[in-house]
Amino acid sequence: KTKKTESKKTSRKTPRRKSTSESETPKSKRKSTKNEEPIDPLLLSKASSLLRGSRSIIRDFRDLSKRELSDDERIKETKRCLITIGNNIDNAIQSHRNKDKLQRHLWHYVADKTGNQK
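First things first, this report covers the structure right here in the doc. Because the structure is predicted, anything quoted here is derived from the model rather than measured.

**Here's the deal with the overall build of the protein**
So, point 1. Each helix and strand in the protein was counted, giving 6 helices and 0 strands.
So, point 2. Counted from the first residue to the last, the protein has its helices and strands arranged as α-α-α-α-α-α.
So, point 3. In the protein, which comprises 118 residues, the share counted as buried stands at 19%.
So, point 4. Considering only intrachain contacts with a sequence separation of at least 6, the fraction spanning at least 24 residues in the protein is 59%.
So, point 5. Roughly 10100 Å² of accessible area belongs to the protein as shown, and the carbon and sulfur atoms make up 48% of that amount.

**Describing the side chain of S48**
So, point 1. Position of S48 relative to the elements: it lies in helix 3 (residues 41–50).
So, point 2. What makes S48 buried here is its relative accessible area of 18%.
So, point 3. Not counting the four nearest positions on each side in its chain, S48 is found in contact with R55 and Y109.

**A look at the side chain of T114**
So, point 1. By the element assignment, T114 lies in helix 6 (residues 99–114).
So, point 2. Residue classification places T114 among the buried residues on the basis of a relative accessible area of 18%.
So, point 3. Apart from residues no more than four positions distant in its own chain, T114 is found in contact with I58, F61 and R62.

**Describing the nonpolar core**
So, point 1. Counting residues in each nonpolar core, the largest one holds 14 residues, and the members touching the most others are L51, I58, I85, I89, L106 and V110.
So, point 2. Elements with a contribution of two residues or more to this core: helix 3, helix 4 (55–62), helix 5 (71–93) and helix 6.
So, point 3. The biggest single contributor to this core is helix 5, with 5 residues.
So, point 4. Setting aside residues no more than four positions away along its own chain, L51 makes contact with I89, L106, Y109 and V110.

**Section: the pattern of salt bridges**
So, point 1. All told, the structure shown has 5 salt bridges when counted by the stated rule.
So, point 2. One salt bridge connects D63 with R62, and the closest N-O pair in it is separated by 3.1 Å.
So, point 3. Among the ionic pairs, E77 bridges to R80, the shortest N-O distance being 2.9 Å. Within this pair, E77 and its partner R80 are both found in helix 5, separated by 3 residues, close to a single helical turn.
So, point 4. Judged by relative accessible area, which is 16%, E77 ranks as buried.

Criteria and cut-off values
- Residues numbered from 1 in each chain as written.
- Predicted model: local features only at pLDDT ≥ 70, side-chain atom pairs only at ≥ 80, totals over all residues.
- Heavy atoms only, no water.
- Helix = DSSP H or I, 4+ residues; strand = E, 2+ residues; numbered from the N terminus.
- Buried < 20%, exposed > 50% of the residue type's maximum accessible area, 1.4 Å probe, protein only.
- Contact = heavy atoms within 4.5 Å.
- Areas by Shrake-Rupley, 256 points an atom, 1.4 Å probe, with all protein chains shown as cover.
- Core = buried A, V, L, I, M, F, W, Y, C linked by side-chain atoms within 4.5 Å.
- Salt bridge = Lys/Arg side-chain N within 4 Å of Asp/Glu carboxyl O.

Structure, rendered in structure tokens:
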């Protein structure tokens, strides 16, 4: 009896739960979850071609951090770039069936192009 109870005691141990600060991972570093679909390379390629005309505004947005601007100017330029990119994405998805999925891929493409450049 003592051997059985000892083995049961050790098997009942549960792993230590992470605190909320340990378990929080930035969204950009997380893998896709049940609610998020993984990125489809074909749709990402399509996103590249659909946003070909937006490359200059995407580049402007990416390079904002390199420019010396006042806070108000930086906010104004950021708004201008994001609104323009958003409008271009809205125009690009109008004639497609799966608008939500394509829209996510288009924004993912923009995020990839405007992220930290090394």
